[in-house]
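Below, each chain spelled out in residue letters.
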Amino acid sequence: REQGYQPLAASSLDAAVDLARTHAGKVAVVLLDAAMAGDPVSGGRARLADCLPGASILMTGPGDSASGAESAGMLHKPFGLPVLFERLAVEVVRRPQ
């Protein structure tokens, strides 16, 4: 919140989809954990994308963020707040108006 973001949190994929529907048009970036229960990750990503056209969906999952091997669309755990804020800023700039 200190960085100007208004985070929403969901404990499951179904809850995330409900939030996405409720806040459609207002969400710029989604952080989706690769291990989130419910659908396979690709199905979950597609469900959220359907509800949030134009929003960036950034996957989070295990990896080696210290190596600098961040890939487009994936934020490897563990990551700190500076890395998160940097990626959020990039994703918000990429968002279509």
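Please read these numbers as outputs of a predicted model, since none were measured by experiment.

**Section: the overall build of the chain**
Part 1 of the argument: Per the secondary structure count, the chain includes 3 helices and 3 strands.
Part 2 of the argument: Mapped in sequence order, the helices and strands of the chain form the string α-β-α-β-β-α.
Part 3 of the argument: Across the 97 residues in the chain, those meeting the buried criterion constitute 28%.
Part 4 of the argument: Looking at the chain alone, contacts between residues at least 24 apart form 51% of all its contacts between residues at least 6 apart.
Part 5 of the argument: Summed over its atoms, the accessible surface of the chain is roughly 6,100 Å², and 56% of this surface lies on carbon and sulfur atoms.

**Considerations on the nonpolar core**
Part 1 of the argument: Grouped together as the largest cluster of nonpolar side chains are 13 residues, with contacts concentrated most on Val30, Leu32, Leu48, Leu52 and Ile57.
Part 2 of the argument: Ranked by size, the runner-up nonpolar core spans 6 residues in total, among them Ala28, Val29, Leu75 and Leu84.

**Observations regarding the sheet that holds strand β3 (residues 74-77)**
Part 1 of the argument: The parallel open sheet is built from 3 strands, whose spatial order is β1-β2-β3. The outermost strands of the open sheet, each flanked by one partner alone, are β1 (29-33) and β3. The average undirected angle you get between the axes of adjacent strands in this sheet is 25°.
Part 2 of the argument: Pairing of β1 with strand β2 (residues 56-62) involves 5 bridges; the strand directions are parallel. Note that in β2 the partner of Asp33 across the bridge is Thr60.

**What about helix α1 (residues 13-22)?**
Part 1 of the argument: All buried positions along α1 are accounted for by Leu13, Ala16, Val17 and Ala20. The arc that holds the buried residues of α1, viewed along the axis, is 100°, so those residues lie on one side.

**Structural notes on the confidence of the model for the chain**
Part 1 of the argument: Mean pLDDT over the chain works out to 81, with 77% of the residues at or above the 70 mark.
Part 2 of the argument: Contacts from residues 65-69, a stretch scored under 50 in pLDDT, to residues over four places away or in other chains number 6 contacts.

**Quick look at the environment of Gln3**
Part 1 of the argument: With respect to the helices, strands and loops of the structure, Gln3 is situated in the segment before α1.
Part 2 of the argument: Classification of Gln3 by relative accessible area gives partly exposed; the value is 47%.
Part 3 of the argument: Residues Gln3 and Phe85, 82 residues apart in the sequence, show an inter-C-alpha distance of 7.8 Å.

Calculation criteria
Residues numbered from 1 in each chain as written. Predicted model: local features only at pLDDT ≥ 70, side-chain atom pairs only at ≥ 80, totals over all residues. Heavy atoms only, no water. Helix = DSSP H or I, 4+ residues; strand = E, 2+ residues; numbered from the N terminus. Buried < 20%, exposed > 50% of the residue type's maximum accessible area, 1.4 Å probe, protein only. Contact = heavy atoms within 4.5 Å. Areas by Shrake-Rupley, 256 points an atom, 1.4 Å probe, with all protein chains shown as cover. Core = buried A, V, L, I, M, F, W, Y, C linked by side-chain atoms within 4.5 Å. Pairing = 2+ DSSP bridges. Axes fitted to C-alpha atoms, helices over the stretch in contact; angles between N-to-C directions. Arc of directions from axis to C-beta. pLDDT = per-residue confidence, 0-100.

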